[in-house]
Number of protein chains: 2
Amino acid sequence: MLSKFQNHIDTNLPFLKGKKLLLATSGGIDSMVLVNLCCQSKLDFAVAHCNFQLRGEESNEDENFVKSQAEKLQIPIFIQRFDTKAFAEQNKLSIQVVARNLRYEWFYTLLANHNFDYILTAHHLDDSLETFLINFTRGSGIEGLTGIPEQNDKIVRPLLAFSRNDIEAFAKENLITWREDSSNASDKYLRNKLRHDVIPILKELNPSLLSSFENTITHLKQTQSLAQDAANNLYQKVVSEEENHTVIDIPNLLKYRNYKAYLFEWLQPFGFADWSSVYDLIKAQSGKQVLSNTHILLKNRDSLLLFPKQNTTSDEMFWIQKGQTEVKIPLKLSFCNVSDISLQSTNVIFVDEDLLQFPLTLRRWQEGDIFQPFGMTGKKKLSKYFKDEKFSLPEKANIWLLCSDDKIVWIVGKRQDERFKITANTTKILKINYTN
Amino acid sequence: MLSKFQNHIDTNLPFLKGKKLLLATSGGIDSMVLVNLCCQSKLDFAVAHCNFQLRGEESNEDENFVKSQAEKLQIPIFIQRFDTKAFAEQNKLSIQVVARNLRYEWFYTLLANHNFDYILTAHHLDDSLETFLINFTRGSGIEGLTGIPEQNDKIVRPLLAFSRNDIEAFAKENLITWREDSSNASDKYLRNKLRHDVIPILKELNPSLLSSFENTITHLKQTQSLAQDAANNLYQKVVSEEENHTVIDIPNLLKYRNYKAYLFEWLQPFGFADWSSVYDLIKAQSGKQVLSNTHILLKNRDSLLLFPKQNTTSDEMFWIQKGQTEVKIPLKLSFCNVSDISLQSTNVIFVDEDLLQFPLTLRRWQEGDIFQPFGMTGKKKLSKYFKDEKFSLPEKANIWLLCSDDKIVWIVGKRQDERFKITANTTKILKINYTN
């Protein structure tokens, strides 16, 4: 497996070489095998272990085990204990969701603070097959049927081309020790049921199930990329972005026999669910409309008009207190006071803390919102800004605003507001970091 | 279920109303329920029962059962006995393949001879789910993951929106009797394993599995239609059809990050299987080539050239004897002498039997083939004809020629040859019918 692994890195993931890697390590067989493969391949990495303190002494033994293994292999290690239960109770969230969020939050913090380039996880092909079946069982579009991605953003999964069998064989040959996996997957019951009761039968029916599965998801990903091309292509011909709404031209759309497929692809990001009502709108009389939680789709003569709902509902409003260092929901922001401005980016801004009115709020945008774009002297309607920047429908739907006293501080991840920027008079610099 | 069924016919299959329908009836619960639903819905139908004579007395009891039920309900019935075993041995084919071919061959003959409009089969949603899982297990692109189609060509499956539970409940309520299904499915073992061991677990994990599955395949079909749009769209920009080959322009293709997905979509119909070699050809030196069973893909400077192989191999040649009334492989043709020319179509031709040299042959086309298009005085290269008619790559790959002494009689399903047409001198008219 080692040479196959190295070959896979060389051909598929060459960008990992020479980079600083952080390896998420539970102490289970998958992550311990990945640690060993990375070690033997002379990759530059450290390990990170989360102790969620959910299983008392056992959790601590996991921690000690990972620590001792890292010491033995002379690999730098980061360990973090979380009061997962308390956090879940405070935030009225499930243990699983909280554990997942805490884990990635911490990884990204390590990444930022210690200049790591990528986070590696030990997901493998069997995990990917289970994910496919879970999504299939629940009902899914193609996006749920393409397995676990080998890379998204900073997270890379170099074992995805390997099976559980490969990993077990390598562990045995190399006398690798591990702790039984303490998975915090929210779908643990489902996953075990599939792993133990369903997949073995499928493997009996086709002993090369895993490689068939690899081919299947490769082809599905290709199909998906073609479908996206088609959706973008027709979008340019049939849809126009007005300042405060989006216009779909019905006669032009109806030239395509599969117009419903296009409507689905375009409107899905806005939370529409009752598709037969959406499709019926095409032939409905002017004034008819279909609602999602956030948007209105309105029939108007020869067009469908898509508007964001005018009023932000209260459950879409989130508060940030003074001194709070992080937000996890509805998106991940971290706040810290710094003495100087370093690299600014679309995901990192610096603001004058004294100009802020706490608590800050995170909310959706609404018609009539205005802001003063960073570097400009005048104000601008947000809807105008979206139009000028050619934001797509899904981009507009996913926007969050960080506000102070309902003045926009940041169109998160997009554009900072001029009014809160650092000036010669600033005494307290607040760095705000968005992790997407 | 009756009102749901009638509603489904009204909204999704209204074209069935007032048409002559032929209902494939094994005598099993699914087909007996369909018979009853069609009866109560006052559809105009007859039943057709195949006795494959594979299970001795049991087969004959099935036949008698269907016959008595049809009599009781006063529905016209067609029964056909097949010597399936002998036929399989003669043609060196599996019993399952032969049974399937005989069955559809006979249905299509009934359709033609008795002016039925559609064949109905009793496939339901659980069958479709099983088909999905069979294809998934074997490895498949999206085409295998969209379930059983509700309609292809003349075959319509009005129970596809209903589950096995729906059908069992209806049978119970309506005191419908049936014979245990004598499925001849070639995948019977696989299907039973999935039905009894896999699907019950998936249903336990999600009690609404079937409706989730319906949504999944609806979305996958939509995605597939978008992908086809994209493939056709780029084909027009990047691919050109020359007289004897097809040219893919590489620099233009490489403008698309997902060019591999396009190559896959275009070249898959030609039987290419080693995709990494196909993809590597893009950057290979001129003269490199990749072969499929029927085609050559050649790198030439800035292009990929696709040629049909020059020589038709002997196992692609099929013989038709004088007096033979049907061909089932490699495609379905029927031959009968008629006294007059009736409706001619792309799928039905009439020829002067005395002009034919038996045995006729069915073969693939090759470079250099010429014919005399019906209605024209001159000859034409087949490759020129394909180009003029803008045949796509898959269409060209699927062409069969019916030949007499190696003169083309018919580009099957496309264009008849002038030389064998009926004239004032014709004494024996042969009607040839192609069923696709």
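Computed from a predicted model, the values in this text were never measured in an experiment.

*Asks:* Help me out: how do you make sense of unusual backbone geometry in this one?
*Replies:* Residue Pro359 of chain A is bonded to the preceding Phe358 of chain A through a cis peptide linkage, with omega at -5 degrees. When you line up the elements, Pro359 of chain A lands in the loop between β15 (348-352) and β16 (360-363). Phi is positive for Asn115 of chain A, close to 55 degrees, though the residue is something other than glycine. Note that Asn115 of chain A resides in the loop between α5 (95-113) and β4 (118-120). Even without being a glycine, Asp406 of chain B presents a positive backbone phi close to 60 degrees. Here Asp406 of chain B shows up in the loop between β19 (401-404) and β20 (407-411). When its relative accessible area of 52% is taken as the criterion, Asp406 of chain B is described as exposed.

*Asks:* Help me understand the sheet that holds strand β22 (residues 429-435) of chain A in this model?
*Replies:* Within a sheet, each strand pairs with its neighbour through backbone hydrogen bonds, oriented either parallel or antiparallel. Residues and elements named next belong to chain A. In space, the four strands of this open sheet follow the order β13-β14-β22-β15, with antiparallel pairing throughout. Two strands bound the open sheet, and with one partner strand each, they are β13 (326-327) and β15. Summarising the sheet, β15 and β22 pair through five bridges and their orientation is antiparallel. By the bridge assignment, Ile349 is partnered in β22 with Ile432.

*Asks:* Honestly, the UniProt feature "binding site: ATP" (unreviewed entry) in chain A in this entry has me stumped. Any pointers?
*Replies:* Residue and element names in this part refer to chain A. Residues annotated by UniProt as "binding site: ATP" (unreviewed entry) correspond here to Ser26, Gly27, Gly28, Ile29, Asp30 and Ser31. Within the element layout of this structure, Gly27 appears in the loop between β1 (21-24) and α2 (29-40). For Gly27, the residues in contact, after removing those within four places along its chain, are Met32, Phe65, Val66, Trp178 and Arg179. Structurally, the position occupied by Ser31 is in helix α2. Setting aside residues up to four positions removed in sequence, Ser31 forms contacts with Leu23, Ala24, Thr25, Ser26 and Ala122.

*Asks:* I keep staring at empty space enclosed by the protein and nothing clicks. Help me out?
*Replies:* Where empty space is left can be seen by rolling a probe of water-molecule size over the atoms. All names here are of chain B. Inspection of every chain in the model, using the stated rule, returns five cavities of 30 Å³ or more. Of the voids in this model, the second largest cavity is the one considered here, and its volume is about 50 Å³. In terms of lining residues, the second largest cavity is bounded by His245, Thr246, Phe270, His295, Leu306, Pro308, Trp365, Leu393 and Lys396. Breaking the lining of the second largest cavity down by element, the ones donating at least two residues are β11 (303-308) and α14 (393-397). When the residues that make up the lining of the second largest cavity are grouped by side-chain class, the tally is five nonpolar, three polar and one charged. When we break the lining of the second largest cavity down by domain, the ones giving at least three residues each are domain 2 (215-308) and domain 3 (316-435).

*Asks:* It is not clear to me how the side chain of Glu353 of chain B should be interpreted in this structure. Could you clarify?
*Replies:* Residue and element names in this part refer to chain B. Here Glu353 lies in the loop between β15 (348-352) and β16 (360-363). A distance of 2.7 Å separates polar atoms of two side chains, one belonging to Glu353 and the other to Asn337. Beyond its immediate sequence surroundings of up to four residues, Glu353 is in contact with Lys322, Asn337, Phe358, Lys428 and Leu430.

*Asks:* How should I be thinking about the pattern of salt bridges in this particular structure?
*Replies:* Should their charged atoms come close, side chains of opposite charge can pair. Enumeration according to the criterion identifies 46 salt bridges over all chains in this entry. Bridged by salt links that share partners, the residues Asp126, Asp127, Glu130, Arg164, Arg191, Arg195 and Lys203 of chain A form one connected network.

*Asks:* Explain the sheet that holds strand β8 (residues 246-249) of chain B to me, please; I cannot follow it from the model alone.
*Replies:* Residue and element names in this part refer to chain B. Strand order in this open sheet of five strands is β7-β8-β11-β10-β9, and the pairing throughout is antiparallel. For this open sheet the edge positions go to β7 (239-241) and β9 (289-291), each flanked by a neighbour on one side alone. The sheet shows a mean angle of 20 degrees between the axes of neighbouring strands, direction not considered. Relative to β11, β8 runs antiparallel, the two sharing four bridges. Bridging across to β11, Val247 finds its partner in Leu305. Where helix α11 (residues 259-267) meets the sheet, it contacts β7, β8, β10 (295-300) and β11, and its direction lies at approximately 170 degrees from that of β8.

*Asks:* How should the state of the cysteines be read in this particular structure?
*Replies:* By definition, a disulfide links two cysteine residues through a covalent bond between their sulfur atoms. Residue and element names in this part refer to chain B. One pass over the structure, following the stated rule, counts zero disulfides over all chains. Its sulfur unpaired, Cys39 is 8.2 Å from the next cysteine sulfur, which belongs to Cys38. Given the relative accessible area of 24%, Cys39 is considered partly exposed.

*Asks:* Looking at this structure, how should I read the relation of the copies chain B and chain A?
*Replies:* The operation relating the two chain copies consists of a rotation about an axis and a shift along that axis. Mapping chain B onto chain A calls for a rotation angle of 179 degrees and an axial translation of 0.2 Å; the resulting RMSD is 0.3 Å. Both chain copies can therefore be described as sitting about a two-fold axis. Looking at the rotation axis and the C-alpha trace of chain B, the residue lying nearest is Ala227 of chain B, at 2.1 Å. The residues that chain B uses at the interface reappear at the interface of chain A in 100% of cases, marking a shared surface.

*Asks:* For this particular structure, what's the right way to read the packing of helix α8 (residues 188-205) of chain A against helix α8 (residues 188-205) of chain B?
*Replies:* Each pair of packed helices gets described by two things: the angle between the helix axes and the distance between those axes. Running from N to C, α8 of chain A and α8 of chain B cross one another at 175 degrees; their axes reach a closest spacing of 11 Å. By the angle between their directions, the pair α8 of chain A and α8 of chain B is classed as roughly antiparallel. On the side of α8 of chain A, the interface is formed by Tyr189, Leu190, Lys193, Leu194, Asp197, Val198, Ile201, Leu202, Glu204 and Leu205 of chain A, while α8 of chain B contributes Tyr189, Leu190, Lys193, Leu194, Asp197, Val198, Ile201, Leu202, Glu204 and Leu205 of chain B. Here the residues of the contact of α8 of chain A with α8 of chain B are counted per class, giving 14 nonpolar, no polar and six charged.

*Asks:* When you look at the interface of chain B and chain A in this model, what are you seeing that I'm missing?
*Replies:* By a widespread convention, an interface's size corresponds to the accessible area lost as its parts come together. Counting from both sides, the interface comprises 45 residues of chain B and, opposite them, 45 residues of chain A. For the pair chain B and chain A, the summed buried surface comes to about 3,900 Å²; carbon and sulfur atoms form 70% of the total. The largest per-residue losses of area from chain B upon contact with chain A belong to Phe136, Leu205 and Leu226 of chain B, which jointly make up 18% of the total buried on that side. Run the count over chain B and chain A and you get four salt bridges. Put simply, Arg257 of chain B and Asp229 of chain A hold a salt bridge, and the shortest N to O gap is 3.3 Å. At the surface where chain B touches chain A, the tally comes to 17 residue pairs in polar contact (both at pLDDT 80 or more). Looking at the side of chain B that touches chain A, the elements that each hand over two or more residues are α6 (125-138), α8, α9 (209-238) and α11 of chain B. Considering every element that reaches the side of chain B that touches chain A, the biggest residue donor is α9 of chain B, with 15 residues. A breakdown of the residues in the side of chain B that touches chain A according to their chemical character gives 24 nonpolar, 13 polar and eight charged.

*Asks:* How do you make sense of the domain arrangement of chain A when you look at a structure like this?
*Replies:* All names here are of chain A. Along its sequence, chain A is carved into domain 1 (2-205), domain 2 (237-308) and domain 3 (315-435). A C-alpha centroid distance of 31 Å is found between domain 2 and domain 3. With 12 residues of domain 2 at the interface, the matching set in domain 3 holds 13 residues. Between domain 2 and domain 3, a total of about 1,100 Å² is buried, with carbon and sulfur atoms accounting for 61% of that surface. It is Glu241, Glu243 and Phe270 in domain 2 that bury the most area against domain 3; as a group they hold 49% of the surface buried on that side. On the surface where domain 2 and domain 3 come into contact, there are zero salt bridges. Residue composition of the side of domain 2 that touches domain 3, grouped by class: five nonpolar, four polar and three charged.

*Asks:* Can you help me understand the packing of aromatic side chains in this one?
*Replies:* The geometry of two aromatic rings is summed up by the distance between their centres and the angle between their planes. For the structure on display, the rule yields 40 aromatic pairs over all chains. Taking 4.4 Å as the distance between ring centres and 10 degrees as the angle between the ring planes, the aromatic pair formed by Phe132 of chain A and Phe136 of chain B counts as stacked. Pair noted here: Phe132 of chain A is in helix α6 (residues 125-138) and Phe136 of chain B is in helix α6, and the two residues belong to different chains. Measuring from ring centre to ring centre gives 5.3 Å for Phe371 of chain A and Tyr385 of chain A, while their planes differ by 75 degrees; the resulting arrangement is edge-to-face. Of this pair, Phe371 of chain A sits in strand β17 (residues 370-371) while Tyr385 of chain A sits in helix α13 (residues 382-388); the two residues are 14 residues apart in sequence, bridging distant segments of the chain.

*Asks:* Sorry if this is basic, but what is going on with the nonpolar core here?
*Replies:* Here is a general trend for soluble globular proteins: nonpolar side chains tend to be buried in one another's company. Leu253, Leu263 and Trp266 of chain A together with Leu253, Leu263 and Trp266 of chain B are the most contacted members of the largest nonpolar core, which has 64 residues in total. Not counting chain neighbours up to four residues away, the residues in contact with Leu253 of chain A comprise Leu234, Val238, Ile248, Tyr259, Tyr262, Leu263, Trp266 and Ile282 of chain A. Listed in part, the 40 residues of the second largest apolar core include Leu129 and Leu209 of chain A together with Leu145 and Leu220 of chain B.

*Asks:* Help me out: how do you make sense of the environment of Asp274 of chain B in this one?
*Replies:* Within the secondary structure, Asp274 of chain B sits in the loop between α11 and α12 (275-281). Looking at Asp274 of chain B, its side chain comes within polar contact range of the side chain of Ser277 of chain B, at 2.5 Å.

Thresholds, definitions, all that
Residues numbered from 1 in each chain as written. Chains lettered and ligands numbered in written order. Predicted model: local features only at pLDDT ≥ 70, side-chain atom pairs only at ≥ 80, totals over all residues. Heavy atoms only, no water. Helix = DSSP H or I, 4+ residues; strand = E, 2+ residues; numbered from the N terminus. Buried < 20%, exposed > 50% of the residue type's maximum accessible area, 1.4 Å probe, protein only. Pairing = 2+ DSSP bridges. UniProt positions renumbered as here; feature names shortened; annotations may be inferred. Contact = heavy atoms within 4.5 Å. 1 Å grid on protein atoms, 1.4 Å probe; cavity = no way out; pocket = protein on both sides within 12 Å on 5 of 7 lines; lining within 4 Å. Points joined across faces, edges and corners; volume = space filled by probe spheres on them. Nonpolar A, V, L, I, M, F, W, Y, C, P; charged D, E, K, R; others polar. Domains from an automatic or database assignment. Polar contact = N/O pair within 3.5 Å; in protein donor to acceptor, adjacent residues only side chain to side chain. Salt bridge = Lys/Arg side-chain N within 4 Å of Asp/Glu carboxyl O. Axes fitted to C-alpha atoms, helices over the stretch in contact; angles between N-to-C directions. Disulfide = S-S within 2.5 Å. Least-squares fit on C-alpha atoms with pLDDT ≥ 70 in both. Parallel < 35°, antiparallel > 145°, perpendicular 65-115°, else oblique. Buried area = accessible area lost by both parts, 1.4 Å probe. Phe/Tyr/Trp six-rings, centres within 6.5 Å; stacked < 30°, edge-to-face > 60°. Core = buried A, V, L, I, M, F, W, Y, C linked by side-chain atoms within 4.5 Å.

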